[in-house]
Amino acid sequence: MQFDILDHMPDGLLGLRAHELAGRLAGPTLIHLPGRRPDPLFVSVIQHGNETSGWDAVRRLLAGRYARDPLPRSLALLIGNVEAAAEHRRRLDHQPDMNRCWPGSNDEHTALHRELARITDHVRQLRPFASIDIHNNTGENPHYAAVNAIEPQRLMLASRFSRTVIFFTEPSGVQSMAFGAFCPAVTLECGQPGQQGGTDHAMAYLETVLNIDELPHRFPNPEDLDLFQVTTAVRVDSDCSFSFGEPGADLVLDPEIDRMNFTELPPGTSLARHNGADRSLLVAIDTDGHDCTSDWFELDGDRVVTRRPAMPAMLSTHAEVVRQDCLCYLMERMRIRRPAPHADRHTELPESAP
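Residues numbered from 1 in each chain as written. Predicted model: local features only at pLDDT ≥ 70, side-chain atom pairs only at ≥ 80, totals over all residues. Heavy atoms only, no water.

A. Here's a closer look at the packing of aromatic side chains. Here the structure, examined in full by the defined rule, presents seven aromatic pairs. The interplanar angle of 80° and the centroid separation of 5.4 Å between the aromatic rings of F161 and Y205 together place this pair among those described as edge-to-face. Taken together, the residues span a long stretch of sequence, with F161 in the loop between helix 4 (152–159) and strand 7 (164–167) and Y205 in helix 6 (residues 196–210) at a distance of 44 residues. The residues F161 and Y205 share a single accessibility class, namely buried. Aromatic side chains F179 and F182 sit 5.1 Å apart centroid to centroid with 45° between the ring planes, which places their arrangement in the tilted category. Residue classification places F179 among the buried residues on the basis of a relative accessible area of 0%. An aromatic cluster is present here, built from F42, W102, F179 and F182 joined pairwise through their rings. (Phe/Tyr/Trp six-rings, centres within 6.5 Å; stacked < 30°, edge-to-face > 60°. Helix = DSSP H or I, 4+ residues; strand = E, 2+ residues; numbered from the N terminus. Buried < 20%, exposed > 50% of the residue type's maximum accessible area, 1.4 Å probe, protein only.)

What follows is the structure, encoded as structure tokens:
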């Protein structure tokens, strides 16, 4: 696999919807567009083929005022998994997850890993101003930004999209983590695909960032940011069947479980019912790769319930997404400590909330 690298937007491409791109592009494609400021904004869209808000935002932006006016800053646009987009799927069965194959991945042995390393080196040499990776999720979630390091410029970039920001270090091999080694990098989560609000939000944000001269080297004010840290990934046991509300499966999850996203759940909250299981059929793995299921879940009669307070994000009711990725992530609140007067800016470090 080799990505195409173009120095222009192909004629008619902006008129195509995500599922139509495979008829015009041979595969993943990096497009360079010039702007007044030479250091480019890097934007990646459709790394997951069914997450289309990013492409819809980009094509509306570029087909609007920038069809006649020069871009305020150069743009490096990566259009990702067009093959999966053609089938409205996250990824195809024979494909690895593109957003787990960037440098830093725990498994770097496929052609896609090698090609993404080449693209990373290519963009690094351009000294990008910032990196924005645009996604959707499949459950009910607010729009939020995510970062992989607690640094002033990343948090400033993230907070311009949403006051809700998530800090995560797992899974490995994500684009924002790879590019964060040489520029401020964020991931945007724009709600569910196909919603006009997600596209509008992403487009307005891109317009804002393209017009920024520089990002401040200071943390946002603590009162302007709701900061959370991902501590745990939750998956369904690979040996069991599951459903969302339909009887007969080993594990029957609440069909409206995604309504629990970004809600602080008390101990004893029921997430699912089981059919005679002798263990929790939900598996919790912390960011160090340790199984911590017994810390989070227990059986209460025929129910699987939480053992401790929990705040989930990205709970999904799409079975394929749950199998290909996970059921959800669990988070805890963080806060940014206000620095002492005249303190050096590097002492403005966040801490976990008690």
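B. Molecular detail of the environment of R124. Mapped onto the elements of the fold, R124 is located in helix 3 (residues 111–124). Spatially, the C-alpha atoms of R124 and A181 are 9.1 Å apart, while their sequence positions differ by 57 residues.

C. Quick peek at the confidence of the model for the chain. Chain-level statistics for the chain give a pLDDT mean of 92 and a share of 95% at 70 or above. Here residues 341–354 is modelled with pLDDT under 50, and outside its nearest four sequence neighbours on either side it reaches 24 contacts, counting other chains as well. (pLDDT = per-residue confidence, 0-100. Contact = heavy atoms within 4.5 Å.)

D. Spatial organisation of the sheet that holds strand 12 (residues 270–274). Strand order in the open sheet made by the five strands is 10-11-12-15-14, with mixed pairing throughout. This sheet does not close on itself; its edge strands, each paired only once, are strand 10 (242–244) and strand 14 (297–300). Across the sheet, the mean angle separating the axes of adjacent strands is 30° when strand polarity is ignored. Both strand 12 and strand 15 (residues 303–306) contribute to a ladder of three bridges, which runs antiparallel. Looking across to strand 15, one finds that A272 is bridged to V304. (Pairing = 2+ DSSP bridges. Axes fitted to C-alpha atoms, helices over the stretch in contact; angles between N-to-C directions.)

E. How the structure looks around the packing of helix 1 (residues 53–63) against helix 6. For the pair helix 1 and helix 6, interaxial distance at closest approach is 8 Å and the crossing angle is 55°. With respect to each other, helix 1 and helix 6 are oriented oblique. Judged by the twist between their axes, the crossing of helix 1 over helix 6 is right-handed. Two secondary-structure elements touch here, helix 1 through S53, D56, A57, V58, R60 and L61 and helix 6 through Q196, G198, T199, D200, A202, M203, L206, E207 and L210. In terms of residue class, the contact of helix 1 with helix 6 is built from seven nonpolar, four polar and four charged. (Parallel < 35°, antiparallel > 145°, perpendicular 65-115°, else oblique. Left-handed = near helix turned anticlockwise from the far one by under 90°. Nonpolar A, V, L, I, M, F, W, Y, C, P; charged D, E, K, R; others polar.)

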